Amino acid sequence: MKPDSWLRVPDSWKFRRLKYLARINPESLSETTPPTTEITYVDVGSVDSCGAILEKQILTFGNAPSRARRSVRDGDVIVSTIRTYLRAISHIRRAEPNLTVSTAFAVLRPRTIEVDSTFLAYALRAPYFIDRVVASSTGVSFPAIGEAELGTFEVAFPTIGEQRSIARYLDRETARIDGLIAENQKLIDLIVERRLCAISDAVNNGLNGTVHLKPTTSPFFTRIPKNWELRKLRRIITQVKRPVEVEPETDYHEIGIRSWGKGIFHKDLLKGSQLEEKNVFRIKPGDLVLNIVFAWEGAVAVAGISEEGMIASHRFPTFVHSPEVNLDYLLLVLQSGPGRSIMAINSPGAAGRNKTIRLKQFLNEEIPVPSLEEQHRVVDAVREQEDRLRALDMAVRTAIEDLNEKRIALISAAVTGQIDVREL
């Protein structure tokens with residue numbers, strides 16, 4: 001399949017089908033692999049659109065997902081063939097021993113020394129190629145493309161010397177852009193930190209800096225305003241379960257909760273048959289929802305109108321609150337430093353970031369509760385600060401988007417010969 005007619009490359013360049021440039025899935029683990037074999041596993045959701053691998057799991061083959069099959073070596077390029085809208089393409093420069101990726105990836109390995117793997121990785125991230133992959137994918141929830149069809153797509157490439165020049169140029173220039181993106185990301189992290197400081201200060205000390213504080217018996221909220229009191233969580237929130245009888249042909253929308261107070265997100269729409277007998281529960285607006293695995297990272301949120309009718313697995317217990325407490329105030333307390341400490345100390349475990357909270361012990365912890373009127377004032381004051389920080393956050397994120405667009409444009413121009421990098 002040729003690229004669109006509008007694509008122009010230098011006369012000395014050629015178009016070749018991908019399958020003639022690279023072997024597709026040259027190695028795989030088999031059922032005869034010893035179950036105790038240790039692998040480093042990468043799933044399709046762990047590669048971002050810039051090619052960075054965000055997460056790797058150290059597993060034994062016997063405990064790995066059934067899709068952990070594709071073996072990867074130095075110089076291979078992995079391309080997502082399922083959920084292709086993720087644009088997950090990565091060049092593997094230094095592979096760990098037994099690096100293994102999901103069968104949702106196609107693993108490409110250059111066939112000859114006339115194909116530079118770094119250039120190939122950049123070429124496959126060019127819009128002319130990746131947009132065709134996405135457009136040719138089929139399916140709604142998990143759009144996918146077959147490996148055989150992927151191999152028919154044509155790639156523009158020059159001589160090996162020019163491929164290497166382009167690869168060196170893009171390595172240098174994308175590293176510079178990535179450095180600027182990283183600096184902006186640090187600003188976002190500082191904004192998040194400032195928000196958490198504002199929350200912690202408000203729920204520890206109230207809004208009046210001169211108010212008298214009294215000592216408490218709490219190891220988390222050691223001093224609180226004299227007219228506030230400590231209340232056990234089980235006295236002000238109650239867990240509710242609304243089981244859903246899943247119908248195989250009905251569409252369902254699951255929620256998830258991000259860490260560090262980033263709120264609820266909506267997962268891809270699924271048929272009931274795709275839930276694989278998972279126990280799920282109905283979400284209602286006004287529910288307080290925890291992510292029991294990442295509660296210690298502040299993964300707690302309040303469901304809004306946009307979550308009406310959605311579902312969640314048992315990993316996201318829901319709670320209703322007492323009329324004595326403002327739900328937004330309660331959320332602020334749990335997102336504060338001491339609130340996260342409460343969730344962390346009740347979330348034992350050493351499996352990386354996965355630390356499941358013990359709800360019974362958690363609900364027996366105490367938090368500071370002022371009058372309902374004071375709760376409203378605390379929420380209003382914190383939200384006002386958050387609005388200012390949100391405006392700054394949006395400006396920084398816009399700068400990051402502009403840099404990412406520049407990165408894409410630069411790669412596209414270089415791998416189609418629109419800029420001559422030999423003198424650069």
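Refer to the structure above for everything that follows.
Residues numbered from 1 in each chain as written. Predicted model: local features only at pLDDT ≥ 70, side-chain atom pairs only at ≥ 80, totals over all residues. Heavy atoms only, no water.

### As for the overall build of the protein
Assigned secondary structure in the protein consists of 10 helices and 24 strands. Reported as C-alpha extents along the three principal axes, the dimensions of the protein are approximately 80 × 50 × 40 Å. Intrachain contacts of the protein at a sequence separation of at least 6 include 75% that bridge at least 24 residues. Computed over 57 positive and 54 negative side-chain charges, the separation of the two mean positions in the protein equals 3 Å. (Helix = DSSP H or I, 4+ residues; strand = E, 2+ residues; numbered from the N terminus. Contact = heavy atoms within 4.5 Å. Lys, Arg positive; Asp, Glu negative; His and termini not counted. Charge placed at Lys NZ, Arg CZ, Asp CG, Glu CD.)

### Regarding helix α10 (residues 372-415)
Taking 1.5 Å of rise per residue, 44 residues should cover 64 Å, and α10 covers 62 Å from first to last C-alpha, within 8% of that figure. Two residues or fewer after α10 comes G417, characterised by a positive phi angle close to 75 degrees. (Expected span 1.5 Å × (residues − 1).)

### Thoughts on the environment of L99
Inspection of the secondary structure assignment puts L99 in strand β8 (residues 99-102). Separated by 29 residues in sequence, L99 and R70 have C-alpha atoms that sit 8.4 Å apart. Those residues in contact with L99 that lie beyond four places of it in its chain are T40, V42, R70, S71, V72 and I92.

### Description of unusual backbone geometry
Its identity is not glycine, yet N25 carries a phi of approximately 55 degrees, on the positive side. Note that N25 resides in the loop between β2 (22-24) and β3 (38-42). Taking relative accessible area as the criterion, N25 reaches 15% and is therefore assigned buried. A positive phi angle, near 55 degrees, is found at R83, a position not held by glycine. (Buried < 20%, exposed > 50% of the residue type's maximum accessible area, 1.4 Å probe, protein only.)

### Let's talk about the pairing of strand β16 (residues 255-258)
The pairing of β16 with strand β17 (residues 263-266) spans 4 bridges and is classified as antiparallel. In the sheet register, R258 faces β17, and the bridge partner there is G263. Linking β16 to β17, which pair antiparallel, is a turn of 4 residues; within it W260 sits at a positive phi near 60 degrees. (Pairing = 2+ DSSP bridges.)

### A short note on the side chain of S322
Mapped onto the elements of the fold, S322 is located in the loop between β23 (318-321) and α7 (327-335). Filtering out sequence-adjacent residues up to four positions away, S322 remains in contact with R235 and I236.

### Concerning the sheet that holds β23
With antiparallel pairing, the 4 strands of this open sheet are ordered in space as β14-β23-β20-β21. The two strands at the open ends of the sheet, each matched to only one other strand, are β14 (237-240) and β21 (300-302). Put simply, the sheet's adjacent strands are angled 30 degrees from each other on average, direction ignored. Where strand β20 (residues 288-290) and β21 come together, 3 bridges link them in antiparallel fashion. Considered in β21, the bridge of L288 is made with V302. (Axes fitted to C-alpha atoms, helices over the stretch in contact; angles between N-to-C directions.)

### Concerning the packing of aromatic side chains
In this structure the tally under the stated criterion is 3 aromatic pairs. Summarising the aromatic geometry, the rings of W13 and F119 are spaced 6.5 Å apart at their centres and angled 75 degrees between planes, so their arrangement reads as edge-to-face. With W13 in the segment before β1 (14-17) and F119 in helix α2 (residues 117-124), the pair connects residues that are 106 residues apart, well separated along the chain. In this structure, W13 and F119 share a single accessibility class: buried. (Phe/Tyr/Trp six-rings, centres within 6.5 Å; stacked < 30°, edge-to-face > 60°.)

### Observations regarding the nonpolar core
Counting 49 residues, the largest nonpolar core has F221, L288, L330, F362 and I367 as its most contacted members. A121, V133, L150 and I191 belong to the second-largest nonpolar core, a separate cluster that totals 45 residues. (Core = buried A, V, L, I, M, F, W, Y, C linked by side-chain atoms within 4.5 Å.)

### Quick look at the pattern of salt bridges
Scanning all chains against the criterion turns up 27 salt bridges. In this structure, the salt-bridge partner of R388 is E384, at a minimum N-O distance of 3.6 Å. Taken together, the residues span about one helical turn, with R388 and E384 both in helix α10 at a distance of 4 residues. Each of E27, R73, D76 and R109 takes part in salt bridges that share partners, so that together they form one network. (Salt bridge = Lys/Arg side-chain N within 4 Å of Asp/Glu carboxyl O.)

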